[in-house]
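Here is what each chain is made of, one letter per residue.
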Amino acid sequence: MKVTEYFEKADGKTLISFEVLPPLKGGSMQAIFDTLDPLMEFKPPFIDVTYHREDFTYNRRPSGYYEKTAIRKRPGTVGICAAIMHRYGVDAVPHLLCGGFTKEDTENVLIDLNFLNINNVLALRGDARKFDGKFVPEPDGHKYAIDLVRQVEDINNGKYLDKNIENGISTDFCIGVAGYPEKHFEAPNLSTDLEFTKQKVDAGADYIVTQMFFDNENYFKYVDSIRALGINVPIVPGLKPLTKLYQLNSIPRLFYINMPEELSKGIMAAKDAAGRKEVGIEWLIHQSKELKKRGVPCLHYYTMGDVETIKRVVEAVY
Ligand code: FAD
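Trainee: Would you take a moment to explain the overall build of the chain for this structure?
Mentor: When its secondary structure is counted, the chain shows 11 helices and 11 strands. Here the C-alpha radius of gyration of the chain, 20 Å, is about what a compact globule of 318 residues would show, namely 20 Å. Principal axes of the C-alpha set define a box for the chain whose edges measure 65 × 60 × 45 Å. In the chain, which comprises 318 residues, the share counted as buried stands at 51%. Long-range contacts, defined as pairs at least 24 residues apart, comprise 74% of the intrachain contacts of the chain with a sequence gap of at least 6. Accessible surface, the chain: about 15,600 Å² in total, of which carbon and sulfur atoms supply 51%.

This is the structure in structure tokens:
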């Protein structure tokens, strides 16, 4: 079923969903099951699986020269989605990237997904590779998520890249896109970023999932700004627990978001690691309860493999 159909069917009730990361190359699928098995009691209608573009590593050769190798460290998104659907009977939402894909690669992935009966995707641009500094698309790939949305829409209408294909089957993908309550870091300002988000919806996106935030006011203001642009699609809040001291700096650095003063003070004042974790969990429970009270369509948790924390939070709000 489509993600948006679950929201319609829920009729105002807040759903719970999770995002998981593929294991590092060489790792086992069991890591995903170990994360999800304890969370299935909360009946998530869908589970997102992230996609990871290849990155470059530089290995020193005996001659002293460095050899550049491209490695995808977390492969397996499509296979993991199929395995999740098979094991739990819930829908899986693969993240689909512009980065690392030509249009032809994208089309072929969409065909695989369709054959596997996976009919939800989250269409994203992807981040820059570490060594590129800025986002570089494939020579025949997409530069922005909106172009990916358009390609998914094309195949939904039976339009393939090869113009010789006549009467190609139409797929029926439900398309999610990313939204940034505190602005995407490359956007010159929030209103420009909102305008680009509107364009993704106008191009065919069915719902928005937000970047994490720790201050619900940012989400509420974001929803108001999006609605003011005439966009009525569901806006799913993305939520992540902050449980470790170093995350006070790493989360703002990696995700370009602010930490509320009260949260950072609470974390810094805690006596030890266990105390800091408690502060982070209580914060997320409070955030989740308030969002639920305000009738958000779904609480979408970025699990990051920390099943114990996520379980405690969801138990408190479910
Ligand atoms: P876009 O919508 O293309 O926007 C990128 C930037 O370009 C923005 O600043 C936007 O304002 C600007 N822009 C958009 N359109 C135009 C235009 N036409 N002209 C000029 N500027 C424009 N990354 C991964 O690698 N794998 C994942 O699985 C993954 N999952 C994610 C899930 C969620 C819910 C979120 C919020 C992010 C996720 N990301 C993931 C990170 C995401 O790929 C990055 O944030 C990326 O930098 C932007 O992706 P986007 O789809 O928002 O890009």
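Trainee: What am I meant to see in the packing of helix H9 (residues 261-269) against helix H10 (residues 273-293) here?
Mentor: Describing two packed helices takes the angle between their axes plus the distance from one axis to the other. Where H9 contacts H10, the two axes come as close as 8 Å, and the packing angle between them is 155 degrees. Judged on the interaxial angle alone, H10 and H9 are roughly antiparallel. Considering the relative orientation of H9 and H10, their crossing is right-handed. In this structure, H9 contributes Glu262, Leu263, Gly266 and Ile267 to the contact, and H10 contributes Arg276, Val279, Gly280 and Trp283. For the contact of H9 with H10, the residue count by class is 4 nonpolar, 2 polar and 2 charged.

Trainee: Looking at this model, I keep getting lost on the nonpolar core. Mind explaining?
Mentor: Soluble globular proteins tend to bury their nonpolar side chains together. With 93 residues, the main nonpolar core has Ile84, Leu113, Tyr207, Phe214 and Tyr301 as its most contacted residues. Those residues in contact with isoleucine 84 that sit more than four places away from it in its chain are Val20, Ile32, Leu36, Ile47, Val49, Gly89, Val90 and Ala92.

Trainee: Is there a simple way to think about the packing of aromatic side chains in this case?
Mentor: Two numbers describe a pair of aromatic rings. These are the distance of the centres and the angle of the planes. Applying the stated criterion across every chain yields a total of 10 aromatic pairs. Both rings, one in phenylalanine 7 and one in phenylalanine 46, keep their centres 6.1 Å apart while their planes meet at 75 degrees; by these two values the pair is edge-to-face. Of this pair, phenylalanine 7 sits in helix H1 (residues 3-10) while phenylalanine 46 is found in strand S2 (residues 46-49), placing the two residues 39 residues apart along the sequence. Here phenylalanine 46 falls in the buried class, since its relative accessible area comes to 2%. Note that arginine 294 overlies the ring of phenylalanine 220, its terminal NZ or CZ placed 3.7 Å from the centroid.

Trainee: Before we go on, may I ask you to explain the sheet that holds strand S1 (residues 15-20) in this structure?
Mentor: One key point about sheets: their strands pair by backbone hydrogen bonds, in either a parallel or an antiparallel sense. Here we have 9 strands laid out as an open sheet, ordered S9-S8-S7-S6-S5-S2-S1-S11-S10, and parallel in their pairing. Every other strand in the sheet has two partners, leaving strand S9 (235-236) and strand S10 (238-239) as the edge strands with one partner each. Bridge analysis of strand S7 (residues 174-179) against strand S8 (residues 207-210) gives 4 bridges, and the strand direction is parallel. Opposite alanine 178, over in S8, you have valine 209 as the bridge partner.

Trainee: Can you walk me through helix H7 (residues 216-228) in this structure?
Mentor: Between its terminal C-alpha atoms H7 stretches 18 Å, which fits the 18 Å expected from 13 residues at 1.5 Å a residue. Buried-residue contacts for H7 involve S7, helix H6 (190-202), S8, S9 and H10. Of the residues one or two after H7, glycine 230 is the one with positive phi, at around 85 degrees.

Trainee: Any chance you could explain the site of the ligand here in plain terms?
Mentor: The immediate surroundings of the ligand are formed by 23 residues, with Tyr51, Tyr180, His184, Asp193 and Lys200 found nearest. At a separation of 3.4 Å, an oxygen atom of the ligand approaches a polar backbone atom of alanine 187. Within the side chain of aspartate 193, an N or O atom sits 2.7 Å from an oxygen atom of the ligand. Look at the ligand: alone it shows 980 Å² of surface, and the protein chains cover 86% of it. Only strand S5 (91-97), strand S6 (120-124), H6 and S8 provide two or more residues apiece to the shell around the ligand. The element contributing the most residues to the shell around the ligand is H6, with 3 residues.

The rules behind these values
The numbers attached to residues start from 1 for each chain and follow its sequence in the written order. pLDDT decides what is reported in this predicted model: residues at 70 or higher carry local features, side-chain atom pairs at 80 or more are listed and counted, and totals for whole chains, interfaces and linings draw on all residues regardless. Side-chain metrics rest on all non-hydrogen atoms present in the structure, leaving aside hydrogens and water. Strands are runs of DSSP state E lasting at least two residues, helices are runs of H or I lasting at least four, and both sets are numbered from the N terminus onward. Here the globule rule is a power law, 2.2 Å times the number of residues to the power 0.38, and the radius of gyration is based on C-alpha atoms. When accessible area is computed with a 1.4 Å probe and restricted to protein chains, residues below 20% of their type maximum are described as buried, those above 50% as exposed, and intermediate ones as partly exposed. Every residue pair with non-hydrogen atoms within 4.5 Å of one another is taken to be in contact. Note that accessible areas follow from Shrake-Rupley with a 1.4 Å probe, and for residues the cover is restricted to the protein chains shown. Fitted lines through C-alpha atoms give the axes, limited to the stretch in contact for helices. The angle between two N-to-C directions lies from 0 to 180 degrees. Every angle not falling under 35 degrees, over 145, or within 65 to 115 is termed oblique; those three ranges are roughly parallel, roughly antiparallel and roughly perpendicular. The sense of a crossing depends on the near helix, which, turned anticlockwise from the far helix by less than a right angle, makes the crossing left-handed and, turned clockwise, makes it right-handed. Residues were grouped as follows: Ala, Val, Leu, Ile, Met, Phe, Trp, Tyr, Cys and Pro as nonpolar; Asp, Glu, Lys and Arg as charged; and all remaining residues, including Gly, as polar. As used in this record, nonpolar core signifies buried Ala, Val, Leu, Ile, Met, Phe, Trp, Tyr and Cys residues forming a set joined through side-chain atoms within 4.5 Å. In summary, the pairing rule links any two rings of Phe, Tyr or Trp, Trp by its six-membered ring, whose centres are within 6.5 Å, and it sorts them by plane angle into stacked for under 30 degrees, edge-to-face for over 60 and tilted for everything else. Counting as a charge over the ring demands two things of the Lys NZ or Arg CZ atom: a distance within 6 Å of the ring centre and an angle within 35 degrees of the ring normal. Note on pairing: DSSP must find at least two bridges between two strands before they are called paired. One less than the residue count of a helix, multiplied by 1.5 Å, gives the span that helix is expected to have. Near is defined per residue: the residue qualifies when any heavy atom it owns lies within 4 Å of the molecule or strand. Nitrogen and oxygen atoms within 3.5 Å of one another constitute a polar contact, given that in protein one can donate a hydrogen and the other can accept it, and given that sequence-neighbouring residues count only through two side-chain atoms.

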